[in-house]
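Listed below are the residues making up each chain.
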Amino acid sequence: MNVFDIIGPVMIGPSSSHTAGAVRIGRVVNKLMDGQTPAKLELILSGSFAQTYRGHGTDRALLAGVMGFHSYSEEIRDALRIADRRGIRYEFVKRDLPGAHPNTARIVYTLADGSSGSVQAASVGGGNIRVDLINDMHVDFSGDSNTLLVMHLDRPGVIAAVTNLMREEYADLNICNFHLSREQRGGNAIMTIEIDNMPPAELIGDIRKLEHVTNALLIRRL
Amino acid sequence: MLKYQSIQELVSAAEERGLKISELVLRDQAEAMDQTQEALYERMRKSFEVMRESVAAGQKRELRSMSGLTGGEGWRMKQYTESHNGGLCGSFLSGAIARALAVAGCNASMGRIVAAPTAGSCGILPGCLVSLYEERGMAERDIVMSIFTAGAFGMVIAAKASIAGAEGGCQAECGSAAAMAAAALVELMGGTPTQCADACAIAVANQLGLVCDPVAGLVEIPCIKRNVSGLMIAFSSADLALAGVGPKIPADECVDAMREVGNALPAALRETAGGGLAATPTGQKLREQVFGK
């Protein structure tokens, strides 16, 4: 904790959890889409998000984040109109997600080329979030650090290949958190690697070339 | 490096080195965050700028919250103050009340604010500090520095008790904000680090038990006006400390008491909108007005 955790964040009101945190959840989707404008969005609001989203502007906040705005951007107020203008078709759905934190949103996007993806995340207080699912695979990160997501097939040696590459080619990168989840033995798996410093853009390309790696994404500090 | 685990630590460290708490904290945080003091000062100066902008934005007559339940309080109070020669409180305090209302109203209308320590309590610190800046001609540098003092007290309260209404009730939000502001005010008026801690203790003691009971779960009723009571307690606690009418219970023990009281609060009185004003017939009616049955 530092002094700016107490005096801050600078944010658009009214609620750090229901507004500022919601923007950050949206921003995870923005990073996952690599900043592209989605053609279609389904935004599922669960728990307290479903009950009080209108009064807190949670809907606008999520959309603003998806469009790349920050939790301090004045545009949040007008996010619905801005999304309309950008030709984004969006739908808000109130549905309780089983077992989810009370302030959870799930966002499913479809891009113009038909490809799609999803993020499920919880706003855990004070504007902080916890990302629970990416493309329906379990992850666990806050977006406070730069986060590397490596989708791969569950084979022996893949983790070592990724971390050795980081050690050998990008020696100053320091991992501060590591999490692995998989669908089943030998199936699709995802590594969540949080890094203290900012990895160079080439890292992603290098990781994608590794055997059994199907994709890699860098979600820069939100 | 400071641990921010006790107020006594802050006071002793500052007095041993002959520093203001703000100077001590700026040095410490620059080291902890691996940044220059100038960079941190500049970041805080920008936060004070946002505070002044939210005062201005919140004093617009047409301001309305997202729910439509509130709006225009900052404008109305400012009008009253100007047309009634400051009303009962006098123009300085009435003006400060209007500023606190304005910032809290700015927050409710999806305007930009600095959470201090939270969005729900964001009007208290600017209400105090922007008033000293605009009405008493205090230097921007001194005011910006005093926010480091406020932040340090907030860090200790967050570590020892809580700054979240969902955990500790409103005493944790508006109570903490008032305690932080009281300490900053004392430093600005030339008080000692011990007097800063005294003001913090009085402010915490005067808001112990305050529940978090937002109507419809929104950061509006009673939050906007609780920023006013927090501001009044900040000013009076600072004056008491400066006058030498110090607390009988030390600040750290008051904060411990705040934690214990918070733990003893039932869930209905911790931001769930299940009790207090939220559960009154009118509170329920207002909720239905916004969200339906």
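Residues numbered from 1 in each chain as written. Chains lettered and ligands numbered in written order. Predicted model: local features only at pLDDT ≥ 70, side-chain atom pairs only at ≥ 80, totals over all residues.

Peer 1: Just checking my understanding: could you explain the overall build of chain A for this structure?
Peer 2: Scanning chain A from terminus to terminus reveals 7 helices and 11 strands. Against the compact-globule benchmark of 17 Å for 222 residues, chain A has a radius of gyration of 17 Å, which places it among compact chains. Expressed as lengths along the three principal axes of its C-alpha atoms, the size of chain A is roughly 50 × 45 × 35 Å. Out of the 222 residues belonging to chain A, those deemed buried represent 44%. Contacts in chain A between residues far apart in sequence, at least 24 positions, make up 68% of those at least 6 positions apart. (Helix = DSSP H or I, 4+ residues; strand = E, 2+ residues; numbered from the N terminus. Rg over C-alpha atoms; globule rule 2.2 N^0.38 Å. Buried ≥ 20, exposed ≤ 12 C-beta atoms within 10 Å, placed from the backbone. Contact = placed C-beta atoms within 7 Å.)

Peer 1: Hey, could you run me through the interface of chain A and chain B in this one?
Peer 2: Across the boundary between the two partners, chain A contributes 26 residues, which contact 39 residues of chain B. Those elements giving two or more residues to the side of chain A that touches chain B turn out to be helix H1 (3–6), strand E1 (10–12) and helix H3 (48–56) of chain A. No other element matches H3(A), which puts 4 residues into the side of chain A that touches chain B. A breakdown of the residues in the side of chain A that touches chain B according to their chemical character gives 12 nonpolar, 12 polar and 2 charged. One ladder, built from 3 bridges, connects E1(A) with strand E1 (residues 112–114) of chain B; its direction is antiparallel. By the bridge assignment, Ile12(A) is partnered in E1(B) with Arg112(B). (Nonpolar A, V, L, I, M, F, W, Y, C, P; charged D, E, K, R; others polar. Pairing = 2+ DSSP bridges.)

Peer 1: In this structure, what is going on with helix H10 (residues 193–205) of chain B? I would like to understand it.
Peer 2: Residue and element names in this part refer to chain B. For H10, with 13 residues, the first-to-last C-alpha span of 18 Å sits near the 18 Å given by 1.5 Å per residue. In terms of burial, H10 is largely enclosed, as 12 of its 13 residues are buried. Considered for burial, the residues of H10 that qualify are Pro193, Gln195, Cys196, Ala197, Asp198, Ala199, Cys200, Ala201, Ile202, Ala203, Val204 and Ala205. On the buried face of H10, the contacting elements are helix H1 (7–17), helix H2 (21–32), helix H7 (140–160), helix H9 (170–188), helix H11 (223–243) and helix H12 (251–264). (Expected span 1.5 Å × (residues − 1).)

Peer 1: Please clarify how unusual backbone geometry should be interpreted in this entry.
Peer 2: At the junction of Ala116(B) and Pro117(B), the peptide bond is cis and its omega measures out at 0 degrees in the coordinates. Mapped onto the elements of the fold, Pro117(B) is located in the loop between E1 and helix H6 (124–135). Across the junction of Ile221(B) and Pro222(B), the peptide omega takes the value 5 degrees, indicating a cis bond. Tracing the sequence through the fold places Pro222(B) in the loop between H10 and H11. The phi angle at Asp34(A) is positive, at roughly 60 degrees, despite the residue not being glycine. Along the chain, Asp34(A) turns up in the loop between helix H2 (16–32) and strand E2 (40–47). One non-glycine residue, His212(A), lies in the positive phi region at around 75 degrees. Looking at the element boundaries, His212(A) is found in the loop between helix H7 (202–208) and strand E11 (213–219). Judged by the 13 C-beta atoms lying within 10 Å of it, His212(A) is partly exposed.

Peer 1: Looking at this structure, I do not really get the sheet that holds E2(A). What am I missing?
Peer 2: Backbone hydrogen bonds are what pair the strands of a sheet, in a parallel or an antiparallel way. All names here are of chain A. The 6 strands are arranged E3-E2-E4-E5-E6-E7 in an open sheet whose pairing can be described as mixed. Each end of this open sheet is capped by a strand with a single partner; those strands are strand E3 (89–94) and strand E7 (137–141). Taken over all neighbouring pairs, the strand axes of this sheet differ in orientation by 20 degrees on average, direction set aside. Of the pairings in the sheet, the one linking strand E5 (residues 116–125) to strand E6 (residues 128–134) comprises 6 bridges and is antiparallel in character. (Axes fitted to C-alpha atoms, helices over the stretch in contact; angles between N-to-C directions.)

Peer 1: Sorry, what's going on with the confidence of the model for chain B here?
Peer 2: Close inspection of predicted coordinates is inappropriate for parts of the model with low pLDDT. Taken as a whole, chain B shows an average pLDDT of 97; of its residues, 100% reach a score of 70 or greater. Our summary of model confidence lists the complex with pTM equal to 0.91 and ipTM equal to 0.97. (pLDDT = per-residue confidence, 0-100.)

Peer 1: Help me understand the domain arrangement of chain A, please; the structure alone is not making it clear to me.
Peer 2: Size of an interface: often given as the accessible area lost when the parts come together. Residue and element names in this part refer to chain A. One can read the domain layout of chain A as domain 1 (3–135) and domain 2 (146–219). Each of domain 1 and domain 2 has a C-alpha centre, and these two points are 26 Å apart. Within the side of domain 1 that touches domain 2, the residues separate by chemical class into 3 nonpolar, no polar and 1 charged. (Domains from an automatic or database assignment.)

Peer 1: Honestly, the nonpolar core in this entry has me stumped. Any pointers?
Peer 2: Nonpolar side chains in soluble globular proteins tend to be buried together. Ala181(B), Ala182(B), Cys200(B) and Ala234(B) are the most contacted members of the largest nonpolar core, which has 162 residues in total. Residue contributions to this core peak at 14 residues, all from H9(B). Both domains that meet at this core, namely domain 1 (3–135) and domain 2 (146–219) of chain A, each give it at least three residues. Among all residues touching Cys200(B), those that are not within four sequence positions of it are Ile7(B), Phe153(B), Ala179(B), Ala182(B), Ala183(B) and Ala251(B). (Core = buried A, V, L, I, M, F, W, Y, C linked by C-beta atoms within 7 Å.)

Peer 1: Which parts of the structure should I look at to understand the confidence of the model for chain A?
Peer 2: Mean pLDDT over chain A works out to 94, with 100% of the residues at or above the 70 mark. Mean pLDDT in chain A bottoms out at H3(A), which sits at 88, and peaks at helix H5 (residues 79–85) of chain A, which reaches 98.

Peer 1: Looking at this model, I keep getting lost on H3(A). Mind explaining?
Peer 2: For an α-helix, the turn length of 3.6 residues means that residues three or four places apart are oriented alike. Judged by how many residues are buried, H3(A) sits mostly within the fold: 7 of 9 residues are covered. Within the span of H3(A), buried status applies to Ser48(A), Phe49(A), Ala50(A), Thr52(A), Tyr53(A), Gly55(A) and His56(A). Looking at the buried positions of H3(A), the neighbouring elements they touch are H2, E2, helix H4 (58–66), E3 and strand E4 (103–110) of chain A together with helix H13 (281–291) of chain B. Positioned one or two residues after H3(A), Gly57(A) has a phi angle of 65 degrees, which is positive.

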